[in-house]
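So you can see what is in the structure, the chains are spelled out below.
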Amino acid sequence: MQDARCKIKNKTYNLQLATCIFKGRILFDVPMKDYTSFKIGGNADVMVFPQDEHDLIDVIGFASNKGFPVLVIGRGTNLLVRDNGIRGVVINLSNSFKEITWVGDDEAIVGGGVGVIELINLCKERGLSGLEFAVGIPGTIGGAVFMNAGAYGGEMKDAVKTVEAVDLNGKRHSFDKSALKFSYRKCDLPENMIISKVRLKLRKDSAEEIKKRIKEFKERRKAAQAIVLPNAGSIFKNPEGLYAGRLIEESGLKGSRVGDAQISEMHGNYIVNLGNATAMDVLTLIAMARDKVFKAKGILLETEIKVVGED
Ligand SMILES: Cc1cc2nc3c(=O)[nH]c(=O)nc-3n(C[C@H](O)[C@H](O)[C@H](O)COP(=O)(O)OP(=O)(O)OC[C@H]3O[C@@H](n4cnc5c(N)ncnc54)[C@H](O)[C@@H]3O)c2cc1C
């Protein structure tokens, strides 16, 4: 039986999940910097790693019963966690929900925890095309669909057919692509839904052609974004017809630094962690960039990264 003392909202609870068969791991007081690509963030009260949908429903039921907030994460590659961490339960799907079922010639039902890059490699082996644009996107399928991640003219929505999700009452839902109203880095999934599976419609193509496209996309990314320091991808959405990175560069902010956070010298839309950056350092740089671009160009930049947790 999973049974442990757990401090949430400064109260100590006896954490006993609804059934005795929770198979995943449960961690307490977890440094979020270990679970985000930015390597930044205070501690989360609890992090759970459900192994399957039963576990997921179990833990959601427990959290809902107790009134604990819930946050689902994948690989934390689009997240900035504030310095005082996260109250409640973080559900981490990056180590599970890895099942892939190939359907017919050109469809796949993919678990929300499957890595985008792993999936692209498996598709290549099967001669299935449609996701090559995403070859440098380091997140999970759940995170990528939630964000409608995209690059080089492609977006996750191009391949999504349906999305399976679980709500905070543990109820399963299925959404057609049209119901999700995908738009730039956004999908209209109702609040507090956890994507467990995604059905993708791909295209048959020769492995050679797919390999060629993957190579091209990798090279383009390497030329523009060969950033080795911890980061969370693009900080801002591109305003229509413009590039946020270019606007920031033209405002003279490339290389600007607050504490250990720096606007990348390579790409104006990336902030890198030079070692011990805090979320406050990053948020201060974000505010500086928005302010300067607004004053210089009259354009208000909108963040693409998700900022979560407490100051
Ligand atoms: C080096 C680098 C390059 C990148 N390049 C790109 C790029 O070219 N294009 C692009 O669009 N993005 C890019 N990103 C951002 C990021 O990789 C994508 O947004 C990615 O798809 C997020 O997936 P994740 O699993 O890391 O999600 P997380 O960062 O863990 O979560 C992101 C959001 O999705 C939600 N979420 C995660 N999983 C689920 C789920 N199963 N159900 C419901 N909600 C969920 C979270 O609550 C959060 O709001 C890049 C990031 C890095 C670090």
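Scroll up to find the structure.
Please read these numbers as outputs of a predicted model, since none were measured by experiment. (Residues numbered from 1 in each chain as written. Predicted model: local features only at pLDDT ≥ 70, side-chain atom pairs only at ≥ 80, totals over all residues. Heavy atoms only, no water.)

Let's talk about the state of the cysteines
Rules: When two cysteine sulfur atoms lie within 2.5 Å, the pair is treated as a disulfide.
The full count for this structure, using the stated rule, is 0 disulfides. With no disulfide of its own, Cys123 lies closest to Cys187 among cysteine sulfurs, the gap being 20 Å.

As for the packing of aromatic side chains
We apply this condition: Centres within 6.5 Å make a pair out of two Phe, Tyr or Trp rings, where for Trp the six-membered ring is used; the pair is then stacked when the planes are under 30 degrees apart, edge-to-face when over 60, and tilted otherwise. Summary of the burial criterion: residues with accessible area below 20% of their type's maximum are buried, those above 50% are exposed, and those between are partly exposed, where the area comes from a 1.4 Å probe applied to protein chains only. Either the NZ atom of lysine or the CZ atom of arginine qualifies as a charge over a ring when it sits within 6 Å of the ring centre and within 35 degrees of the ring normal.
Following the criterion strictly, the structure yields 3 aromatic pairs and no others. An angle of 65 degrees between the planes, with centres 5.9 Å apart, marks the rings of Phe62 and Phe68 as edge-to-face. When sorted by exposure, Phe62 lands in the same class as Phe68, which is buried. Of note, Arg25 hangs over the ring of Phe49, and the distance from its end group to the ring centre comes to 4.3 Å.

Section: unusual backbone geometry
A negative phi holds for most residues other than glycine; trans holds for most peptide bonds. Of note, the phi angle at Lys39 is positive, near 60 degrees, even though the residue is not glycine. Using a relative accessible area of 43% as the deciding quantity, one classes Lys39 as partly exposed. Phi is positive for Phe97, which is not a glycine, with a value near 50 degrees.

With respect to the sheet that holds strand β8 (residues 100-103)
Selection criterion: Paired strands, in this sense, are two strands between which DSSP finds at least two bridges. Going along the chain from the N terminus, every DSSP run of H or I of four or more residues is numbered as a helix, and every run of E of two or more is numbered as a strand. Inter-axis angles, ranging from 0 to 180 degrees, are taken between N-to-C directions of lines fitted to C-alpha atoms, where helices are fitted over the stretch in contact. Whether two residues are in contact is decided by their heavy atoms, any of which lying within 4.5 Å being enough.
Reading across from one edge, β8-β9-β15-β13-β14 is the order of the 5 strands in this open sheet, with antiparallel pairing throughout. Each of the sheet's edge strands pairs with one partner strand only, and the pair in question is β8 and β14 (172-176). On average, adjacent strands in this sheet sit at an angle of 15 degrees to one another, irrespective of strand direction. Sheet topology note: the β8/strand β9 (residues 107-111) ladder contains 4 bridges and is antiparallel. Opposite Trp102, over in β9, you have Ala108 as the bridge partner. This element, helix α2 (residues 116-126), spans β8, β9 and β15 (194-201) of the sheet and lies at about 30 degrees to β8.

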